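# Observations on chain architecture
Letter by letter, the chains look like this.
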Amino acid sequence: MMCQRGFTLLEILVAIAVLALSMLAATKAVSSYAGNQAYLQERTLAQWVARNRLVEYQLDDNWPDTGREKDEAEFAGLDWVWQSEVKPTPDSDVRRIDIQVWMAGADIDEEQPLATLSGFMGKR
């Protein structure tokens, strides 16, 4: 007498369910990676915008007044909003400059900046 070997319908359905769950997990991981990559790219570009603004302060021949300044910039094909605050330090010949950067259109009163940079400038 010959025995027939093979998979039952239930075994096939369980295998397909396991395969579907693993494919779903893989798709979610790839999607998460892509989202993180875009966020990290935005943060890196925002950091460059902040560094460029700090260098502009340092290259300017004028001693910066204390206070806040806000403006827009275009960098890497994207629009950015930056805000800087020049503060006095205990040394009257040194100023602290804090710069924050957001994507254009962001509510800067509500959203965290993508980049924050602090630097110092000495009087010449």
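In case you missed it, the structure is sitting above this.
Residues numbered from 1 in each chain as written. Predicted model: local features only at pLDDT ≥ 70, side-chain atom pairs only at ≥ 80, totals over all residues. Heavy atoms only, no water.

With that settled, the discussion passes to a nonpolar patch on the surface. Nonpolar side chains collect at one region of the surface, where F7, I12 and I16 lie side by side and expose about 340 Å² of accessible area between them. Note that I16 resides in helix 1 (residues 9-59). For I16, a relative accessible area of 52% corresponds to the exposed category. (Patch = residues over 30% accessible without salt bridge, like charges linked within 9 Å, V, L, I, M, F, W, Y side chains within 5 Å. Areas by Shrake-Rupley, 256 points an atom, 1.4 Å probe, with all protein chains shown as cover. Salt bridge = Lys/Arg side-chain N within 4 Å of Asp/Glu carboxyl O. Helix = DSSP H or I, 4+ residues; strand = E, 2+ residues; numbered from the N terminus. Buried < 20%, exposed > 50% of the residue type's maximum accessible area, 1.4 Å probe, protein only.)

What follows is about the packing of aromatic side chains. The final tally for this structure, using the stated rule, is 1 aromatic pair. Both rings, one in W48 and one in F75, keep their centres 6.0 Å apart while their planes meet at 85°; by these two values the pair is edge-to-face. Residue W48 is found in helix 1, and its partner F75 is found in strand 1 (residues 67-75); the two are separated by 27 residues along the sequence. We classify W48 as partly exposed; its relative accessible area is 44%. Assessed through its relative accessible area of 22%, F75 is described here as partly exposed. Above the face of the Y57 ring, R53 is positioned so that its terminal group lies 4.2 Å from the ring centre. (Phe/Tyr/Trp six-rings, centres within 6.5 Å; stacked < 30°, edge-to-face > 60°. Lys NZ or Arg CZ within 6 Å of the ring centre and 35° of its normal.)

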